[in-house]
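Examination of the molecular architecture
Each chain is listed here by its residues.
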Amino acid sequence: MSLVETLPASQRDILLKVDNISLSFGGVKAITNISFDIRVGEIRAIIGPNGAGKTSMLNVINGFYHPQEGTITFEGVPRPRMRPHHAATHGVARTFQNIALFRGMSTLDNIMTGRGTLMKRNLLWQALWTGPAEREEIEHREAVEKIIDFLEIQHIRKTPVGRLPYGLQKRVELGRALAAEPRLLLLDEPMAGMNREEKEDMSRFILDVNSQFGTTIALIEHDMGVVMDLSDRVVVLDYGKKIGDGTPDEVRANQDVIDAYLGVPHE
Amino acid sequence: MSPDFLYFIETVLNGLMSGVMYSLVALGFVLIFKASGIFNFAQGVMALFAALTLVGLLTGQVPFAHLIHAIFGVEAQHWGAGMPALLAVIGTMVVMIALAFLIERIVLKHLVNQEPIILFMATIGLAYFLEGLGDLMWGSDVKALDIGVPSGGSFWWEDVTREWAAEGSDYFGMYIDKLDVTAAIVAAVLVVALSVFSQYTRMGRALRAVADDHQAALSVGISLRTIWVIVWSIAGFVALVAGIMWGSKSGVQFSLSLIALKALPVLILGGFTSIPGAIVGGLIIGVGEKLAELYIGPLVGGAIENWFAYVVALVFLLYRPQGLFGDKIIERI
Amino acid sequence: MAGDTARLAEDTFPKLLLRNAALFGDRPAMREKDLGIWQTWTWSQMLEEVRAFSLGLRALGLQAGGKVAIVGSNRPRLYWTFAAVQSLGAVPIPVYSDAVAEEMAFVLKHAEATMAVVEDQEQVDKLIGLAKRLPKLKHIIYDDDRGLKNYDHTTLHPFDDVQDSGRSLAKADAGVVAAWEKHIHEGKGSDTSVILYTSGTTGQSKGVMLTAERCVGAARDTVAFDRLTETDETLAYLPLAWVGDHYLNYAQGMVAGFCIACPEGPETVAVDLKEIGPTFYFAPPRVFEGLLTQVMIRMEDAGALKRRIFSYFMDVAKQHGEAILDGKPVPFSARLKYALGNMLVYGPLKNVLGFSRIRVAYTAGEAIGPDLFSFFRSLGINLKQLYGQTEAFLYVTAQPDGAVRADTVGLPMANVDIRIADNGEVLFKSPGMFAGYYKDKAKTKETLTKDGYVMTGDAGFFEADGQLKIIDRAKDVGKLKDGTLFAPKYIENKLKFFPDVKEAVAFGDQRDKVCVFLNIDLTSVGNWAERNNIAYASYQELANHPDVLATMEKHVRQVNADLAREPQMAGAQIARFLVLHKELDADDGELTRTQKVRRGFIAERYQPLIDALYSGKNECDITTEVTYEDGRKGKLSARVKIRDVERFAANGMKEAAE
Amino acid sequence: MLYREAGDFKTSYRADQQTFPIRSERILFWAFIVAAFAVVPFFINDYWEKSVLIPFLVWSMAALGLNILVGYCGQVSLGTGGFMAVGAYAAYKLMTAFPEMNILLVIVLSGGVTAVVGMAFGLPSLRIKGFYLAVATLAAQFFLVWVFNKFPWFYNYSASGQITAPERLLFGVPVTGPNSPPWATYLVALTVVFVFAWIGKNLTRGRIGRQWMAIRDMDIAAEIIGVEPLRAKISAFAVSSFYIGIAGAMYFTIWFGAVEPTEAFGINQSFRALFMVIIGGLGSILGSFLGAGFLVLLPVLLKNLMVGQLGWATDIASHFEIMIVGALIIFFLIVEPHGLAQLWRLTKEKLRLWPFPH
């Protein structure tokens, strides 16, 4: 559970609201009429069996897919048909299920790229480098170094990410997302493919991000156990529909959820 | 029918036929790209090389005559006797197969799993090499190629079409080159043959499998390397056919290799992996080009055939990035 | 003597800090690899940091005479804490950061620490766990806030906050700074500067009290000895609580004004060393040994040509390197070859190890193998030895440039007085001598002779050239029946310098001759066996191989020849030896957990072998109980062969073997 | 093995981020630059100028530009020749329309004109990817060359259809036209290339450069973390074309002095630039120079060898030459697909670890 517990999650402000979202690809429904909200400072999990539409849901939230129906409200402002980079500039960052790092670049450059949305100097200043562009670069380097320190990846700072082991790549990706100083952080299966120890590390980082920076987190995860320990509230999807929503305990007790996870045939 | 309309038909027919020639070259590209993901820029030069070799064999040239002269001072340009056409064609085909084998051995084997751009560059290197080699072997002068393919305008067709024109109009009939007609027929036969080959033979199925999944191809029991040699041999054969047709039409010379550039817009229009795409794309480009020359050319000062096809393809791509026969791209992350 | 230094103007560390800030204000005082670069503080910045923290501590209630525990690795802020605490006339007490809670509780309780300045969450958690047992501990101040955000902060303070409160005090009233500095100037050299707790291997640790003037005095002498200046640079990676770190880095740094660089973390020391390229360096022999092994292993993977270049030039270095380093006459051609070697091998090698800039390097703590020692010196690294202990505030002898030997620990330092007791024990009086054990008069008295010399517990003697040679712990040194001095450790070390020999145990006290047990080194001898196509199934089989025994005999004879050249030791040459049928193992209680041999236990356990050695038999059957790795016990039987060894006359001539 | 890095540490990000963070490399680099500026001009002659140094500098500039687009931003272009033509014709029109204009300004403005054209042709890159884009850029190549042939306005209605650079002075010394001394043209080219290589380095190591590389490595992820594809791609096309335009302007003004579009800026030039970038090393400023050097020097050497030493006819030599160039390209791709720059990097890594193998 997150350490920010000044208020119970249910009483905090709503950061993101998803209303009646439906999404389909060429007639195939990926998401059907889903609504839920994410409150400021909470860790919100979206779980469900394979193909439940979890990743599609994240893709909708950050504008990568545009739903056919429904609205998304972020920080009280409706966000219709926004492009992904707009989402990023407005404070939504994310990581990916299959690592999507920039393989030709170092750890440092990857994370610096994540900071691009906060950097202002234009092409001409950068061409000259000396002066404002360099100052800006250094300013952001300092911020990035703090993230590197936070994630304990100092030793791979200048290593091309392509050469890193899987677990570290995941961590670099988290760093890249954090670099944008997001208000909402979307994590797509942050622990997929990790061993126990790596999972524990990653859980610790997620909790620390939440408590140190106060970042609101929405995460997708396959491993039920991890989710229940980590999150304040959980949304459960199955075949693109919402079948449960509530605290980990409530969700655990929900019969539909149990059925979905036990693989009871769908009607 | 009014002469204007007849002109239009004539243009379209000519366009279709030159389109077939484009398709012929594009086919070579598609075959290789489908089977190995290589964008073979050397396809045009292969056609040139095949044509040069064919002429050399037909006329009984001594290979590397100039070089031998430069090094040893021995002057020997010709053996003194040429070869019958059929034998020369077979001989050239043997050379092309050997070439495919060497390319696989010396180049492709070492570049497995490299990025597409690297493979692409390698084929440009190959194009340079073959161009230099061809010139060095057979000389760089313009040569005529004649293996008995009929050529020249068809008087019969001129007569037939003259009948169609409205009475009293000043119309002299349509000009259609017999060579173009032959080429169209040959190309059509080739396409049918290739389709049959890829549909109904074990090798053909393996080739199609390899396009989808290298592992799957291996499970068919044919090694990837064999497949590559075969594909490049077929591409060599297609190049030979294209070389004969184009060479008969406009002589064998360096510019023959530039027909590859003609085929590229066809490729983006039809898609890199679609044989029907190559055919339909070729026809569209061929007709479009001729029509544009007729109707748009005069407005801008002519000589637009160099780039018009590209612009057509480009505009089309903007509207449909996956090409004519491609599936809609759904991006995933 | 200690008294001389009192005359100097700066007799405490805070006074030195003020001096350095005035003298070297813009020169770097401290660096730390943090956030990707070497964050650097100049002396004047460091003074400001120290002052802010010091004032903050005072605001928290620290007064003169108070005790402050310091726990953590080498962080600039922890070094500043020393100065900040000393500025208030309080006493810093560094504690080993890897100490278990029990040890930590003992030290903090014994020292009556009221505050603790610690590195991070780990240490905070330890102290919070001990809170009930440490009622006097009022405040905990931490450096790294990671994970501590949500802790109860009534007695817990971030370092920054303490400094901020100090800074706002200084800002509010300019007089505060002046008063603080005035207080420093009023500090007396006789004040206790630091209490260092020895990590007692036996019994409870003792708090060694050191006074300011003595600390400063000792440091001045050694700084002058090695001509250390403000342009020097060191890497601080030794434990803060160890006298070595406090002396070599903190004390000498304050006196000389050189720059101390702190590594990013314990696991990055090697990388950071390479980056910083220190000019002054200390490491125990095992570190150098590890480096040598690493060099050799990495060179194994090199191509044939590179290996040949390497071995050719290493031979050149072996022949002439040390002579060139010591400024001795060397033929011009050799100099030329050495210069070429320096370009191709030594220079790059020092570069990758981070030793390019070293002017002075020391090793101490245990005996260093002569080959190992020579290897580094022949590369042109000025590696020397020193000898000392916590009670002396580190060192009493050291080797001057140009007079360096592998088997001695150097000449007495300036103002140091050394005497050898009748039983061979080394006694000293020095400028840095301790003022006593904290709250333990009895122990203090035990350690001092009546005329005020400190008993080191080590046995040694002076060589003809005046260099001190340490042979063993005084309590382990025995006598043969004929009264000859017998120093087992000395003999064992000589044997262990052969890479083939893993362990050696020497016997001879109260007996008529010296006999030893040997353990072969399985890796080294195994390699040899592989190269010579000798098949073996077990340690036992290899140990019993006639060729192996012959090699061991050669080694022992070599040791005897060495011993014969030293008048004091010549009488204790090895008469007989055997190679043990099993490896000595901590699991069987034969070694301590720190891999030291337990001679008494071994003698008892292998009584039949001892008997056989001294009865003149040529072989002996023995059965031993062993513990396997999985904890099962089993029995191991063997027939062990015993060999006699040639001995030499004291002048180097052969003496008839018995 | 020449490296002595111990003690060469960084106390600020500024020092950490500099172009040559290792002291010995910095010294070497500046020594090289000083030699290029202050020593070479005293020894240069016509042959070295026209056959080696100017071609090297001009092609380096073109390779730099193309590398920014292909190597950094991952957008393959086959239109380099066409863009060089734009630079050349822009320079010609500027020189003839404004005879007083400083030649350096002419060159830079030509780059600017090319940048605008490049942006227009870069627009399709938003929809089209990979080889489709590469082929689409051929449209630019053919179209542009056609335009310069077709419309007499571009060559000021000259009878030959050629454009010829009038003489222009810089500090009183002619730097274009037949009377310009070799050292002067060399210095102009060197200065331009030096300045823009420096700018290129600045761009590629900063935010823009990282965004280009992000697009290159994984465009979808780049967009999701806030890289705007339109800006990134179009800016890469603009900067790249700017450089190539300058190369084209220099090609025309200070190298050849007179050009005719079909031959001078044909598709072979596009391939040539692409070879340089690939052989030199994608995504490397240094690689652009190495690649240009290699492909400029190789033919010179081969020609010297075959015509000069062996006395062969020039046509045989030129056939041999393209054969060897083709074979070498394949050889390089097989041996080191990441180019000469990567070889250099690996060598450097080895030397830094010397005497250890790894």
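About the cut-offs
Residues numbered from 1 in each chain as written. Chains lettered and ligands numbered in written order. Predicted model: local features only at pLDDT ≥ 70, side-chain atom pairs only at ≥ 80, totals over all residues. Heavy atoms only, no water. pLDDT = per-residue confidence, 0-100. Helix = DSSP H or I, 4+ residues; strand = E, 2+ residues; numbered from the N terminus. Contact = heavy atoms within 4.5 Å. Buried area = accessible area lost by both parts, 1.4 Å probe. Salt bridge = Lys/Arg side-chain N within 4 Å of Asp/Glu carboxyl O. Polar contact = N/O pair within 3.5 Å; in protein donor to acceptor, adjacent residues only side chain to side chain. Nonpolar A, V, L, I, M, F, W, Y, C, P; charged D, E, K, R; others polar. Domains from an automatic or database assignment. Phe/Tyr/Trp six-rings, centres within 6.5 Å; stacked < 30°, edge-to-face > 60°. Buried < 20%, exposed > 50% of the residue type's maximum accessible area, 1.4 Å probe, protein only. Lys NZ or Arg CZ within 6 Å of the ring centre and 35° of its normal. Pairing = 2+ DSSP bridges. Axes fitted to C-alpha atoms, helices over the stretch in contact; angles between N-to-C directions.

1. Remarks on the confidence of the model for chain A
Note that predicted coordinates carrying low pLDDT should not be read in detail. Residue and element names in this part refer to chain A. Taken over all residues, the pLDDT of chain A has a mean of 88, while the share at 70 or more is 94%. Per-element mean pLDDT across chain A ranges from 82 in helix 10 (residues 255-262) up to 96 in helix 3 (residues 107-114). In the predicted structure, residues 1-5 sits below a pLDDT of 50 and forms 17 contacts with residues beyond four places in sequence or in another chain.

2. Side note on the interface of chain D and chain B
Chain D puts 40 residues into the contact, and the matching count from chain B is 52 residues. Of the roughly 4500 Å² buried at the junction of chain D and chain B (both faces included), carbon and sulfur atoms supply 82%. The largest contributions to the chain D side of the interface with chain B come from Phe-131, Tyr-132 and Met-323 of chain D, which together make up 16% of the buried area. Our enumeration of links across chain D and chain B arrives at 0 salt bridges. Where chain D touches chain B, the interface holds 3 residue pairs in polar contact (both at pLDDT 80 or more). Listing elements by their share of the side of chain D that touches chain B, those giving two or more residues are helix 6 (130-150), helix 9 (219-224), helix 12 (267-280) and helix 14 (314-335) of chain D. For the side of chain D that touches chain B, the per-class residue count stands at 34 nonpolar, 3 polar and 3 charged.

3. Digging into the domain arrangement of chain A
All names here are of chain A. Taken domain by domain, chain A consists of domain 1 (1-91 + 182-267) and domain 2 (106-180). Computed from C-alpha coordinates alone, the two centres of domain 1 and domain 2 are separated by 27 Å. On the side of domain 2, 12 residues touch domain 1, which itself brings 20 residues to the contact. Approximately 1300 Å² of surface area, both sides summed, lies buried where domain 1 meets domain 2, with 74% of it carried by carbon and sulfur atoms. Where domain 1 meets domain 2, there are 2 salt bridges. A salt bridge links Asp-201 to Arg-171; its shortest N-O distance comes to 3.9 Å. On inspection of domain 1 and its partner domain 2, the count reaches 2 residue pairs in polar contact (both at pLDDT 80 or more). When residues of the side of domain 1 that touches domain 2 are traced back to their parent elements, those giving at least two are helix 2 (84-89), strand 7 (184-188) and helix 7 (196-213). Counted by class, the side of domain 1 that touches domain 2 contains 11 nonpolar, 3 polar and 6 charged residues.

4. Here's the deal with the packing of aromatic side chains
Under the criterion given, the structure shown has 67 aromatic pairs over all chains. On the numbers, 4.9 Å between centres and 65° between planes, the contact of Phe-507 of chain C with Phe-517 of chain C is edge-to-face. In this pair, Phe-507 of chain C sits in strand 24 (residues 501-507) while Phe-517 of chain C sits in strand 25 (residues 514-520), placing the two residues 10 residues apart along the sequence. Taken individually, Phe-507 of chain C and Phe-517 of chain C each receive the classification buried, so the pair is uniform in this respect. Chaining the aromatic ring pairs together yields one cluster made of Phe-29, Phe-33, Phe-39, Phe-41, Phe-120 and Phe-272 of chain B together with Phe-131, Tyr-132 and Phe-271 of chain D. Here Arg-205 of chain D stacks its cationic end above the ring of Trp-129 of chain A, 3.9 Å away from the centre of that ring.

5. Topic: the sheet that holds strand 5 (residues 115-118) of chain C
Residue and element names in this part refer to chain C. What the 5 strands build is an open sheet, ordered 4-3-5-6-7; its pairing is parallel. The sheet is open, and its two edges are formed by strand 4 (91-95) and strand 7 (156-158), each paired on a single side. Averaged over all pairs of adjacent strands, the angle between strand axes in this sheet comes to 25°, irrespective of strand direction. One ladder, built from 3 bridges, connects strand 6 (residues 139-142) with strand 7; its direction is parallel. Bridge pairing in strand 7 links Ile-141 to His-157. Taken strand by strand, helix 7 (residues 159-172) contacts strand 5, strand 6 and strand 7, and its axis lies near 75° from that of strand 7.

6. Here's the deal with the side chain of Lys-348 of chain D
Residues and elements named next belong to chain D. Among the structural elements, Lys-348 can be located in helix 15 (residues 339-353). A polar contact of 3.2 Å, which involves the side chain of Lys-348, links it to the side chain of Glu-25. Those residues in contact with Lys-348 that lie beyond four places of it in its chain are Tyr-3 and Glu-25.

7. Description of the pattern of salt bridges
Taken as a whole, this structure holds 85 salt bridges over all chains when the rule is applied. Arg-141 of chain A serves as the salt-bridge partner of Glu-145 of chain A, at 2.9 Å between the closest nitrogen and oxygen. Separated by 4 residues within a single helix, Glu-145 of chain A and Arg-141 of chain A lie in helix 5 (residues 132-150), roughly one turn from each other. For the pair Glu-145 of chain A and Arg-141 of chain A, one class covers both residues: buried. The partner of Glu-49 of chain C in a salt bridge is Arg-167 of chain C, with the nearest N and O atoms 3.3 Å apart. With Glu-49 of chain C in helix 3 (residues 43-59) and Arg-167 of chain C in helix 7, the pair connects residues that are 118 residues apart, well separated along the chain. Note on Arg-167 of chain C: relative accessible area 29%, which makes it partly exposed. Salt bridges here are not isolated pairs; linked through shared partners, they connect Arg-405, Asp-407, Glu-463, Asp-465, Lys-469, Lys-494 and Glu-566 of chain C.

8. Things to note about the confidence of the model for chain D
Chain-level pLDDT for chain D is 92 on average; 100% of the residues reach the 70-or-more range. The complex prediction reports pTM at 0.88, with the ipTM value standing at 0.85.

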